[in-house]
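# Structure at a glance
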Amino acid sequence: MVDSVKKNGPVVNGDIISFAAPPQHEGCASESKRLKGLGIGAPEGPISLDDFRSLQRSNTELRKQLENQVVLIDTLRNDNRVAADRHESELQSAKKSVAKCYLDQLKELQQSVDLKYKELGDVNRVTAEQKYAIEDLNKRLSASMQSCAEANAIISRSQRERCLLVETLRSKLEDTRQKMVVCDNKVRQLETELHEKKLTTANQTKKIEELEEETRRLSKDLESEKINAAMRDLDFERRRLRGARERLMLRETQLRAFYSTTEEIQVLFAKQQEQLKAMQKTLEDEENYENTSVDMDGVISGTPGRERSKHVSIGDKLKIPGFKKVIPGLCFNRFQLRDEFESNHWYVAQLESCIQSKSLSQGKIIHQHIIKNNSNIKDFSIILDKLTHLYVKCNEVELARQVFEKIPNPSVVCWNMMIRAYAWNAPFQQAIDLYYKMLQLGVTPNKFTFPFILKACSALQDIQVGQEIHKHAEQLGLEMDVYVCTALVDMYAKCGDLFQAQTLFNCMSSRDIVAWNAIIAGFSLHTLHNETMELLVQMQQAGIVPNSSTIVAVLPTVGQANALSQGKAIHGYSLRKMFSDSVVVGTGLLDMYAKCHHLSYARKIFDRMKQKNEICWSAMIGGYVACDFMTNALALFDEMVHVYELNPTPVTLASILRACAKLTDLNKGQSLHCYMIKSGMDLDTTMQLSGFEPDLATMMALLPACSHLAALQHGACCHGYSVIRGFTSESSICNAIIDMYSKCGKIHISRKVFDRMHKRDVVSWNTMIIGYGIHGECTEALSLFHESQVSGLKPDDVTFVAVLSACSHSGLVKEGKYWFNAMNQEFSITPRMAHYICMVDLLARAGNLDEAYIFIQRMPFEPDVRVWSALLAACRTHRNIEMGEEVSKRIQKLGPESTGNFVLMSNIYSSVGRWDDAAQIRTIQQHQGYKKSPGCSWVKVSGVIHGFIGGDQSHPQSASINKKLQELLVQMKRLGYSADSNFVLHDVEEEEKEQILLYHSEKIAIAFGLLNISPSKPILVTKNLRICVDCHSAIKFMALITNREIIVRDASRFHHFKNGICNCGDFW
């Protein structure tokens, strides 16, 4: 049993115990489960009763042992507790003693520390005062050091600038010395030549004296023969004068007979105009009648008619009873008069009748007859004068101009007639050009000329030309003439100079109703309601009764001010004076009530109007739209178009489009859009006409477009609109305006805008510096840069791009190097690619090609195509072929960005005669798909842009342009001009090269501008490429010969030519 226990049982306190339970005893089963839960394993399987009992005995013994151990543990715990209490009491007593010792020591230390603190407090008070004094001294010292540093910086900058100025002055002095040496050499040469010429002249004087002696000897022999010949000529002249006197007497008798019948002819001709039209139809059926059509270019040079094989009596054709009794011999051969009646007086009488009746068709028939029978007419000036008057009266201004150009010496009346035609019918610029042409030909204007030309100035809003014409009137003593002064008042008022208009009006000695209406209309135009009404009261106090024109002038400002009571008073006055029956007055009243939001009154006036034109309908529709009655506006528009079949004006369409937008009527809007496109209406003004005003963002988009196109007129309009709307308080819009004026050639206006800015940011300074740079005014650019630094503005990287670009345009290499180095050293700005491009361009343009090449090699990053292109352009200018080839290879490796690099290399080869290499470059260019853009120049005349390319012959005025260029070429050669054939890139003869150079696009544009732009205005030509050297020198001669200011804007900068000098100093 012991052995079995040893095999199966675990060891507990040194004994081997085997646990087994009877399989069928519940207590044993539960006990075995409990033992298993305690981790004491029992052998599985059945166990005997003896074993179980022995197991119980062992358990009881084990329990007893455990109880003894528990008692032993309790005693040990009690002993430990007692010992712990004893140790705790001893520890507490030790702690108390130690704590007491520490407290005594701390008290002693505290007392010593208090004494020390008292001593340190006194010391700290002293040191604090000293510290404050030291800090104050440190602050003062730092401020003084900072001011000293700033002063030292300013002094160092000024010293460097002085050094630069001294160096530049020294270089200029050396240049001037060299020039003086050259001049001295030339003077010596001239003196030697003069001495030689004096010797030659002395010899020539001797020869002249000998010839004079010979002539005296020969003259004595010839005197007798001359006297005899003169006597013979005198006798012949006497006989000729007798015959002429007899012919004149005969002619006088014929004219007296003719004058007696002229009035009867005019009456019969006026009565039978309808029969004449029928005769025209019958004449059209005759053979070859179409050959009698009017050729206006051949007013004088027409060919006479064919043989007079068929004679048709005008009395038979018109079936006028008794007509042959009045003029027995008046017959027509295809509307030709017989010789005895082909006189100026008949034509003048018939043309005068056509003028009175405004019969254009009959006037053209008479004109045809004049062309066919010009050989029988002796004095054309009177007839051409009447023809011009006829065409002007019938609003055929172009035909009138062609006839006017044929008059040999037009009178001032004829000039006034043509100026008036253009001033009333447009183009208005033609009226101003005619006026200056009249002055050039020596024709003195009279008091009727100035009202017409001033009306054209008012229409163009050209106050500068108006001021010049004002001076002309003063020089002629016509300033105080009532007609001239009234026209001046109207011009100044419409151009916005109300102060000058008021001054002239107050100076007038006598003011008629027209003068009062002019000043009232001017103030009303600018919506000055109170001033307008005061002038109206003053007018009535002066005894002048307002007429319908006065009412029409006053009503717009009344509507704008919403002064309904005043509008009703004016309406009542119009009814009493019977003005309301006029369409113009009725439309003004209607518009006034609509602006005052009284549509019921407006509609009553509209319905009672007997005659309604397009403006009247437009005013009523616009009133409905303004008062938000969109449905009524659309209904009225449909009635206008479908019932009355009237064509809508652009203002009407704009109002209706606004109504469609409000009602979201897309179909109606699309149909109106199609109508506008088919009618060719200008869609650009639709925005303003429809009532939507452009905002700041719109102006910011428009001004750069004007800058790019050099559209000065549109840019100035945007500027004026921005001022009126208050946009100029924003620095961004002012910056755009400065950029626009500088790129349109008006750098002085840019500076005025810049000086008047309330707030300037870094963009403002940069834009102004860039503007000075592209105009070649580097001194002004650098001065403005220094001014920005003095003002405390911190420059950015764009500022230095502007400064370096300005130095590059003027060739200031030393200044450019200084500011490039100062970027990083003084302003801590790291140069980027744009700065390196400017530096390469600066060095290369100045001829320092090797230095520029080394500069590129030392760049901290890889140079791009733009850097190498700048160097390649300089190689073309300085003809460095070797470096050009190397640079071109580098560009080809990087990949050319455009065709410009191919063109530059081809031009380099062509300039030295290497035509095969140039052809190879062009072949490579075509193979890679690059196309060269042709040189193009354009100039703006009377609001129309005229573009030209090299050798252009497609313009309608090409003949006049070619003639002008040939005249200029002759005059330029007299002054020493010679064509630079190096810029002809074709293998042709020298004479052909000269003609090719003469017809460069900028020269053609300048010639066109000289023919069509007023002499008082500069000519602005824009070119898409850089100007060549030959054109540059030729334009200097053109400016000197014509005494005109010529401005050329090429791809890189502006050139201002005046008095034979360009502001670039021949460096570009």
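Just so you know, these numbers come straight off a predicted model, no measurement behind them.

Cut-off values and rules
- Residues numbered from 1 in each chain as written.
- Predicted model: local features only at pLDDT ≥ 70, side-chain atom pairs only at ≥ 80, totals over all residues.
- Heavy atoms only, no water.
- Helix = DSSP H or I, 4+ residues; strand = E, 2+ residues; numbered from the N terminus.
- Buried < 20%, exposed > 50% of the residue type's maximum accessible area, 1.4 Å probe, protein only.
- Contact = heavy atoms within 4.5 Å.
- Areas by Shrake-Rupley, 256 points an atom, 1.4 Å probe, with all protein chains shown as cover.
- Salt bridge = Lys/Arg side-chain N within 4 Å of Asp/Glu carboxyl O.
- Pairing = 2+ DSSP bridges.
- Disulfide = S-S within 2.5 Å.
- Arc of directions from axis to C-beta.
- Phe/Tyr/Trp six-rings, centres within 6.5 Å; stacked < 30°, edge-to-face > 60°.
- Lys NZ or Arg CZ within 6 Å of the ring centre and 35° of its normal.
- Right-handed = clockwise from strand over helix to strand, strands pointing away.
- UniProt positions renumbered as here; feature names shortened; annotations may be inferred.
- pLDDT = per-residue confidence, 0-100.
- Axes fitted to C-alpha atoms, helices over the stretch in contact; angles between N-to-C directions.
- Parallel < 35°, antiparallel > 145°, perpendicular 65-115°, else oblique.
- Left-handed = near helix turned anticlockwise from the far one by under 90°.

Let's shift gears to the overall build of the protein. Scanning the protein from terminus to terminus reveals 45 helices and 10 strands. Looking at the 1068 residues of the protein, the share that counts as buried comes to 39%. Taking the contacts inside the protein whose residues are at least 6 apart along the sequence as the reference set, 64% of them involve residues at least 24 apart. Counting every atom, the protein has about 61600 Å² of accessible surface; 54% of that belongs to carbon and sulfur.

With that settled, the discussion passes to the pattern of salt bridges. If you walk through the whole model with that rule in mind, you get 17 salt bridges. Put simply, Asp797 and Arg832 hold a salt bridge, and the shortest N to O gap is 2.7 Å. Of this pair, Asp797 sits in helix α34 (residues 797-810) while Arg832 sits in the loop between α35 (813-826) and α36 (833-845), placing them 35 residues apart in sequence. Judged by relative accessible area, Arg832 falls into the partly exposed class, the value being 36%.

Bringing the pairing of strand β6 (residues 944-949) into the picture now. Pairing of strand β5 (residues 936-941) with β6 involves 6 bridges; the strand directions are antiparallel. From the neighbouring strand, Val939 faces β6, where its bridge partner is His946.

Ordered in space as β6-β5-β7-β8-β9-β10, the 6 strands form an open sheet in which the pairing is mixed. For this open sheet the edge positions go to β6 and β10 (1061-1062), each flanked by a neighbour on one side alone. Note: β5 against strand β7 (residues 1019-1023), 3 bridges, orientation antiparallel. Counted as the bridge partner of Trp938 is Thr1022 from β7.

Enumeration over the complete set of coordinates arrives at 0 disulfides. Residue Cys394 stays outside any disulfide, its sulfur separated by 8.4 Å from that of Cys354, the closest cysteine. Classification of Cys394 by relative accessible area gives buried; the value is 17%. The thiol of Cys507 is unpaired, and the distance to the nearest cysteine sulfur, on Cys485, comes to 7.6 Å.

Moving on: helix α37 (residues 849-857). Owing to its 3.6 residues per turn, the α-helix brings residues three or four apart onto one side. Taken together, the buried positions of α37 are Leu849, Ala852, Tyr853, Phe855 and Ile856. All buried residues of α37 project into a common sector of 160° when viewed along the axis, lining one side. Packing partners of the buried residues in α37 comprise α35, α36, α38 (865-878) and α39 (881-894).

What follows covers the packing of aromatic side chains. For the structure shown, the criterion picks out 24 aromatic pairs. Taking the centre distance of 6.2 Å and the plane angle of 65° together, the rings of Tyr573 and Phe579 count as edge-to-face. Taken together, Phe785, Phe800, Tyr818, Trp819 and Phe827 form an aromatic cluster joined through their ring pairs. The ring of Phe606 carries Lys612 above its face, with NZ or CZ at 5.2 Å from the centroid. The residue whose ring lies beneath Arg760 is Phe754, and the NZ or CZ to ring-centre distance is 4.5 Å.

So, about the pairing of β7. Extensive coverage of β7 is indicated by the burial of 4 of its 5 residues. Summarising the sheet, β7 and strand β8 (residues 1046-1049) pair through 4 bridges and their orientation is parallel. When the sheet's bridge partners are listed, Leu1020 is paired in β8 with Ile1047. Handedness of the crossover is the feature at issue here: the chain leaves β7, passes through helix α45 (residues 1029-1042), returns alongside β8, and the resulting connection is right-handed.

Right, let's talk about the UniProt feature "repeat: PPR" (unreviewed entry) in the protein for a bit. If you check UniProt for "repeat: PPR" (unreviewed entry), the listed places come out as residues 411-445, 512-546, 730-760 and 761-795 in our numbering. The distance separating the terminal C-alpha atoms of residues 411-445 is 10 Å; by composition the span is 77% helix and 0% strand. The annotated region residues 512-546 carries 74% helix and 0% strand content, and the separation between its end C-alpha atoms amounts to 11 Å.

For the protein, mean pLDDT is 76; residues scoring 70 or higher make up 74% of the total. In the predicted structure, residues 1-44 sits below a pLDDT of 50 and forms 42 contacts with residues beyond four places in sequence or in another chain.

What follows concerns the environment of Ile854. In this fold, Ile854 is placed in helix α37. Along the chain, Ile854 and Val840 lie 14 residues apart, while their C-alpha atoms are 9.8 Å from each other.

One can find Asn416 in helix α11 (residues 412-425). Here Asn416 falls in the buried class, since its relative accessible area comes to 5%. Dropping the residues within four chain positions of it, Asn416 is found in contact with Asn446, Phe448, Thr449 and Phe452.

It is worth spelling out the packing of helix α14 (residues 463-475) against helix α15 (residues 482-494) at this point. Relative orientation of the contacting elements α14 and α15 amounts to 160°, with a least axis distance of 11 Å. Classed by the angle they form, the pair α14 and α15 counts as roughly antiparallel. The handedness of the crossing between α14 and α15 comes out as left-handed. Of the residues in α15, those in contact with Ile463, Gly466, Gln467, His470 and Ala473 of α14 are Val484, Leu488, Met491 and Tyr492.

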